[in-house]
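# Architecture and fold: a report
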Amino acid sequence: ETPVHAATSYKGYVDDSAWMGNIWITWTIEFFVELFAELEKGQETKVAVDKAYKISLYKHHNFFQRSAFQVAVKSLPERNKLLQELAGSKGQASSDFVLKELSEFVFVGRKVVSF
């Protein structure tokens, strides 16, 4: 792994390195933490996605990635339908249970992301 970064004289990370992969995973977790936090607060999906995106992935995406992201999130369902989807195909869990699980994910995820 270390020789890969010689291309930048060890002043930055090369995009195809394992380290960059780890950074992108962290940024993606940060997005989901913030998305779930907004859903837990009662925000509709579109508002929750917009808020989460602006404080997480937006600053790491270029114009093309931002455009693709905006197109992709248009297919997300409204909040109640999304919570039903997260509950499982047979509705095995209640919305309250899903929100509790999201809350726990946010609690732990914020610690992970801030580490």
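Structure: above.
Within every chain, residues take consecutive numbers counted from 1 along the sequence as written. With the structure being a predicted model, the display of local features is reserved for residues of pLDDT at least 70 and the display and counting of side-chain atom pairs for 80 or more, all residues being used for whole-chain, interface and lining totals. Only heavy atoms go into the side-chain values, all of them from the structure, while hydrogens and water stay out.

### Things to note about the packing of aromatic side chains
Our working definition: Side-chain rings of Phe, Tyr and Trp, where Trp is taken by its six-membered ring, are said to pair if the distance between their centres is within 6.5 Å; with planes under 30 degrees apart they count as stacked, over 60 as edge-to-face, and otherwise as tilted. Per-residue accessibility, obtained with a 1.4 Å probe over protein chains only, is compared with the maximum for each type, and a residue is labelled buried under 20%, exposed over 50%, and partly exposed between these values.
Tallied over the entire structure, the rule returns eight aromatic pairs. Taking 5.2 Å as the distance between ring centres and 75° as the angle between the ring planes, the aromatic pair formed by F31 and F32 counts as edge-to-face. Given the relative accessible area of 6%, F31 is considered buried. Centre to centre, the rings of F63 and F64 are 5.4 Å apart; their planes meet at 75°, and the pair counts as edge-to-face. Of the two residues, F63 and F64, both sit in the exposed class. Through a chain of ring-to-ring contacts, three or more aromatic side chains come together here, namely F31, F32, F36, Y53, Y58, F69 and F105.

### Things to note about the side chain of S56
Put simply, the test is: In this text, helices come from DSSP runs of H or I with a minimum length of four residues, and strands from runs of E with a minimum of two, each type numbered from the N-terminal end. Here a polar contact is taken to be a pair of N or O atoms separated by no more than 3.5 Å, where protein atoms must pair a possible hydrogen donor with a possible acceptor and residues adjacent in sequence count only if both atoms sit in side chains. Here a residue-residue contact requires only that any non-hydrogen atoms of the pair lie within 4.5 Å.
As for its placement among the helices and strands, S56 is situated in the loop between α2 (45-55) and α3 (63-73). Accessibility expressed as a relative area gives 0% for S56, which makes it buried. Reaching out from S56, the side chain makes a polar contact with the backbone oxygen of A52 at a distance of 2.6 Å. When sequence neighbours within four positions are dropped, the list of residues in contact with S56 reads W27, E30 and F31.

### Thoughts on the nonpolar core
Side chains of a nonpolar character, in soluble globular proteins, are inclined to be buried together. Test applied: Residue types Ala, Val, Leu, Ile, Met, Phe, Trp, Tyr and Cys, when buried and joined through side-chain atoms within 4.5 Å, form a set referred to as a nonpolar core.
Residues F31, L35 and F69 are the most contacted members of the largest nonpolar core, which totals 24 residues. Listing elements by their share of this core, those giving two or more residues are α1 (18-40), α2, α3, α4 (79-87) and α5 (95-114). Here this core takes nine residues from α1, the largest share from any one element. In contact with L35, other than residues within four places in its own chain, are A48, V49 and A52.

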